[in-house]
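Tertiary structure, described
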Amino acid sequence: MAKYDEEFQRNAVDHLIKTGKSIRQVAKDLGVSDGALKLWREKFLSEPGSPQQENLNEEVQRLRQENAEL
């Protein structure tokens, strides 16, 4: 199994959040396993105040605004 540094893992989770693609698709795009990406997502989204948590909050807010407009 390949060892990915924390920066790569965080960037992968950011990409997952920002693109709205499935875990399977992002994992395939990045050449990592679905399981690894799931673990990274859980790891970083559970950190209060993490950049990934902030990105997720921003995406939720954007989607709520989009839904309100529709």
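Our structure is the block above this text.
So, here's what we can say about the structure.

Summed over all chains, the structure comprises 5 salt bridges. Glu6 is the partner of Arg10 in a salt bridge, and the nearest nitrogen-oxygen pair spans 2.9 Å. One end of the pair is Arg10 and the other is Glu6, both in helix H1 (residues 6-19) and 4 residues apart, which spans about a single turn. Under the relative-accessibility criterion, Glu6 is labelled partly exposed at 42%. Between Glu59 and Arg62 there is a salt bridge, with its nearest N and O atoms 2.7 Å apart. Here Glu59 and its partner Arg62 are both found in helix H4 (residues 51-69), 3 residues apart, which amounts to about one turn of the helix. Taking relative accessible area as the criterion, Glu59 reaches 18% and is therefore assigned buried. Here the residues in one salt-bridge network are Glu59, Arg62 and Glu66, joined through shared partners.

Cut-offs and rules
Residues numbered from 1 in each chain as written. Predicted model: local features only at pLDDT ≥ 70, side-chain atom pairs only at ≥ 80, totals over all residues. Heavy atoms only, no water. Salt bridge = Lys/Arg side-chain N within 4 Å of Asp/Glu carboxyl O. Helix = DSSP H or I, 4+ residues; strand = E, 2+ residues; numbered from the N terminus. Buried < 20%, exposed > 50% of the residue type's maximum accessible area, 1.4 Å probe, protein only.

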